[in-house]
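One-letter residues, chain by chain:
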Amino acid sequence: MKSDEIDARLSQIETDWKIILDASRGAEIAHKRAIQTFFDQYSRAVYRYLLGAVRDPDAADELFQEFALRISKGSFRNADQSRGRFRAYLKSALINLVIEYRRKMSKKPGSIHVEPGELKNPEAALEAEFTKTWRNELLSRTWQQLEAEDQRKQRNYFVVLKFQTEHPQLTSTDAAEQLNALLPANRGPLTPAGTRKTLQRAREKFAELLLEEVSRSLHDPRLDELENELVELQLDPYCRSALRRRRGE
């Protein structure tokens, strides 16, 4: 399912957020705001993971709403959102939800077939899928931010970097020629030298935006914690230049 289809599916899920928030009746205002912030930031990653794990959009919808209710009732209230522990908590909560679903479905005649090994020790595959989903979500958000900045500042970073990732074999001369056919008239033309320079700056900006995105997911960690998170998610190759600048090198 494509990103826009997932966004549309999320928007159609019949979850009344007022009911979700009211489920934590009596909780402090800060907790209710934290719930809303949580879903603003992580709902797409959560839904992507559930959809990939159960391979059924209707089941993913139901599990997403069940997860929303659990969150609203304070199930993540005591999770430490610093130093990567929040992602570990979220991963554990979602994996448990999927395991519960698979066990329930395995008892229904004619339902999905679940291998015995998946029921005995499903964590490895589910953890790998979660890490992949989380990583892809961070990259997707970074691309969106880069494109949004380009629109505001009338730059070519997004188009040039995206084009290069899709056509890495092209020379700068050929890339400039094809890019000039794609760019708005008020942003061109690009020369081969201009293409190389724009690509360099685009990579640097992408690295900065990705580093900021990962930092937000860790709630402003120390530099060593941020680096560990990047390595675990295999995002460090994208962020080396930004990390060097942050270290003051």
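Here the structure is shown first, and the text comes after it.
To keep things clear, this report deals only with the structure shown in the data block. (Residues numbered from 1 in each chain as written. Predicted model: local features only at pLDDT ≥ 70, side-chain atom pairs only at ≥ 80, totals over all residues. Heavy atoms only, no water.)

A short note on the packing of aromatic side chains
Here the distance between the centres and the angle between the planes together describe a pair of aromatic rings.
Okay, step 1: Enumeration according to the criterion identifies six aromatic pairs in this entry.
Okay, step 2: Ring geometry for tyrosine 49 and phenylalanine 130: centres 5.6 Å apart, planes at 75 degrees, overall edge-to-face. With tyrosine 49 in helix H3 (residues 29-54) and phenylalanine 130 in helix H7 (residues 123-153), this residue pair connects regions lying 81 residues apart in the sequence.
Okay, step 3: Residue class for phenylalanine 130 comes out buried when judged on its relative accessible area of 3%.
Okay, step 4: For the pair phenylalanine 130 and tryptophan 134, a centre-to-centre distance of 5.7 Å together with 25 degrees between the ring planes defines the contact as stacked. Here phenylalanine 130 and its partner tryptophan 134 are both found in helix H7, four residues apart, which amounts to about one turn of the helix. (Phe/Tyr/Trp six-rings, centres within 6.5 Å; stacked < 30°, edge-to-face > 60°. Helix = DSSP H or I, 4+ residues; strand = E, 2+ residues; numbered from the N terminus. Buried < 20%, exposed > 50% of the residue type's maximum accessible area, 1.4 Å probe, protein only.)

With respect to the nonpolar core
Okay, step 1: Among the nonpolar cores identified, the biggest contains 60 residues, and Phe38, Tyr49, Leu50 and Phe67 are the most heavily contacted of them.
Okay, step 2: Setting aside residues no more than four positions away along its own chain, leucine 50 makes contact with Arg55, Ala60, Leu63, Phe64, Leu94, Leu97 and Val98. (Core = buried A, V, L, I, M, F, W, Y, C linked by side-chain atoms within 4.5 Å. Contact = heavy atoms within 4.5 Å.)

Some remarks on unusual backbone geometry
Okay, step 1: A positive phi angle is found at arginine 55, which is not glycine, with a value near 55 degrees.
Okay, step 2: In this fold, arginine 55 is placed in the loop between H3 and helix H4 (57-72).
Okay, step 3: For glutamine 234, which is not a glycine, the phi torsion comes out positive at approximately 60 degrees.
Okay, step 4: Take glutamine 234: it is sitting in the loop between helix H11 (223-232) and helix H12 (236-247).

A look at H4
Okay, step 1: Helix length check: H4, at 16 residues, gives a terminal C-alpha distance of 22 Å against a target of 22 Å (1.5 Å per residue), a fit within 8%.
Okay, step 2: Buried within H4 are the following residues: Ala59, Ala60, Asp61, Leu63, Phe64, Phe67, Ala68, Ile71 and Ser72.
Okay, step 3: N-cap assignment for H4: the residue whose side-chain oxygen lies 3.0 Å from the backbone N of aspartate 58 is aspartate 56. (Expected span 1.5 Å × (residues − 1). Polar contact = N/O pair within 3.5 Å; in protein donor to acceptor, adjacent residues only side chain to side chain.)

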